[in-house]
Structure formats: structure tokens, C-alpha cells
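Chain by chain, the residues run as shown.
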Amino acid sequence: MSTTVGRKNLSFKQKMAEFTEIVSASAADVGTDWYYYLAQVKDYTGPADLSNYNTPLYVFTIIGSVLAVVVLLALCLNLCGKLSNAWFQRVLALEVLLSDIPQFVLTGLIENEKGGTLTLAGGINIATSAYNMFLDVIASCRLEEDDAEGEKDDEEEAGLVQAQAE
């Protein structure tokens, strides 16, 4: 069992790079979600009836915004060593399951309802959701790698302590 809490072993430059990467992807995702909802669904005046999608898209846009703030706080706590890697992975998974996937699916359904062609706004919304999902998976893999290195360091440290005791 790893005792790695956060990633205190990263340099300041590495921490800032990861912070910038996750925050910029989340901000772009939330921004395009809101743009898509406000400009393409709420104020839609075309022939298709999008009233069935208005409320679900609004709810998942709000959920995505709240989860982006939660991810930001969890990231800060994790980089400072106050939140374990396992908990941060759960937060990232929650963002993917409750924000990115529903936005991806709803955008596809709405674009199909509009006439089957993908609008520029719909394509950008799908792309940012997919990119954010991809980055969350990459971040989770990095956390697994950090935990594996932490376990190796813990084992080496335990071996040194045991050797010194003998």
C-alpha cells in the first residue's frame, strides 16, 4: 500500500505545468459547454424541436461547471500533498462520468436532431469534451505511475531501515 500523498516530489515547474494543463482544458471545456447551451440550444430558432434537450443540457452544463471548480480545488490540494492520488483520481473520474460523457452524448443527439450535420459549435463542444476526457485519463495514469514509484521508494526505505537495525 502506497503512502504517497499528493505529489510533493514534483518540481515547481512540473507542478505548474500539470496545473496549467488541467485548468486550461477544464476552462475550455466549461466555456464551450456554456456557449453551446446558450447560443446553439437555448436561443435556437431553427425548425427542429430541441425543447427535450434544453433542461438536460442545462443541468449537465451546471454540473460540469461545479465539477471544474472541484477539480481545481482537488488539484491544488493534491499538488500540495493534502489530497491523496487515489482521491484525486476519483475526482477526475467523476468529472468524466458526470460532465464530459453526458455533454459528448447530448451534443451528438442535439446535432442529429437539428438535421444530422455537425455544426461548428457542436464540433468544438465535442472536441473539447473529448480532449478533457483524454487529459483526465492521462493525469490518472500519471498518478498511478507516481503511486508505483512511491511504493518502490517505500520498499527501498523500509529495506534501508531494516538493514540499519541489524
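Note that the structure is a prediction, hence the values are computed from the model and not measured.

Caption draft 1: Here's a closer look at the overall build of the protein. Helices and strands together make up the secondary structure of the protein, namely four helices and zero strands. Ordered by position from N to C terminus, the α and β elements of the protein give α-α-α-α. Within the protein, contacts between residues separated by at least 24 positions form 78% of all contacts whose residues are at least 6 apart in sequence. For the protein, the exposed area adds up to about 9,500 Å²; of that, 65% sits on carbon and sulfur atoms.

Caption draft 2: Main features of the nonpolar core. Grouped together as the largest cluster of nonpolar side chains are 12 residues: L10, I22, V71, A74, L75, L79, L83, F88, V91, L92, A139 and L143. Elements that contribute at least two residues to this core include exactly α2 (51–79), α3 (85–114) and α4 (120–165). Top element by residues in this core is α2. It accounts for four residues. Non-local contacts of A139, meaning those with residues more than four positions away in its chain, are made with I22 and L92. Of all hydrophobic cores here, the second largest spans 10 residues; its members include Y36, V41, A48 and I110.

Caption draft 3: View of the packing of aromatic side chains. Tallying each qualifying case throughout the model produces three aromatic pairs. A ring pair is formed by W34 and Y58, whose centres lie 6.1 Å apart and whose planes are at 80°; its orientation type is edge-to-face. Taken as a pair, W34 in helix α1 (residues 12–42) and Y58 in helix α2 lie far apart in primary sequence, 24 residues in all. Consider the rings of Y37 and Y58, whose centres lie 5.2 Å apart with planes at 35°: the pair is tilted. On the criterion of sequence distance, the pair formed by Y37 in helix α1 and Y58 in helix α2 is long-range, its members being 21 residues apart. On the accessibility criterion, Y37 (6% relative accessible area) is buried. Overall, the relative accessible area of 37% leaves Y58 in the partly exposed class. An aromatic cluster of at least three residues, connected via ring pairs, comprises W34, Y37 and Y58.

Caption draft 4: Looking closely at the side chain of T61. Checked against the element boundaries, T61 lands in helix α2. Owing to a relative accessible area of 1%, T61 belongs among the buried residues under this scheme. A polar contact is formed between the side chain of T61 and the backbone oxygen of L57, at a distance of 2.6 Å.

Caption draft 5: Fine view of the environment of S51. Structurally, S51 can be placed in helix α2. When the C-alpha positions of S51 and V41 are compared, they lie 8.5 Å apart, and in sequence the two are 10 residues distant. Within the structure, the side chain of S51 is placed 2.9 Å from the side chain of D49, a separation counted as a polar contact.

Caption draft 6: Highlighting α2. In this model α2 runs 42 Å from its N-terminal to its C-terminal C-alpha over 29 residues, within 8% of the 42 Å that 1.5 Å per residue would give. If you check which residues of α2 are buried, you get Y53, L57, T61, G64, S65, L67, A68, V71, A74, L75, N78 and L79. Positioned one or two residues after α2, G81 has a phi angle of 85°, which is positive.

Caption draft 7: Examining the confidence of the model for the protein more closely. Mean pLDDT over the protein works out to 85, with 83% of the residues at or above the 70 mark. In the model of the protein, α4 stands out as the element of lowest mean pLDDT, 76, in contrast to α2, which has the highest, 94.

Caption draft 8: Quick look at the pattern of salt bridges. All chains considered together, the criterion is met by two salt bridges. Note that E21 is salt-bridged to R142, the shortest N-O span being 3.0 Å. One end of the pair, E21, is in helix α1; the other, R142, is in helix α4, with 121 residues separating them in the sequence. Residue E21 is classed as partly exposed on the basis of its relative accessible area, which comes to 23%.

The rules behind each value
Residues numbered from 1 in each chain as written. Predicted model: local features only at pLDDT ≥ 70, side-chain atom pairs only at ≥ 80, totals over all residues. Heavy atoms only, no water. Helix = DSSP H or I, 4+ residues; strand = E, 2+ residues; numbered from the N terminus. Contact = heavy atoms within 4.5 Å. Areas by Shrake-Rupley, 256 points an atom, 1.4 Å probe, with all protein chains shown as cover. Core = buried A, V, L, I, M, F, W, Y, C linked by side-chain atoms within 4.5 Å. Buried < 20%, exposed > 50% of the residue type's maximum accessible area, 1.4 Å probe, protein only. Phe/Tyr/Trp six-rings, centres within 6.5 Å; stacked < 30°, edge-to-face > 60°. Polar contact = N/O pair within 3.5 Å; in protein donor to acceptor, adjacent residues only side chain to side chain. Expected span 1.5 Å × (residues − 1). pLDDT = per-residue confidence, 0-100. Salt bridge = Lys/Arg side-chain N within 4 Å of Asp/Glu carboxyl O.

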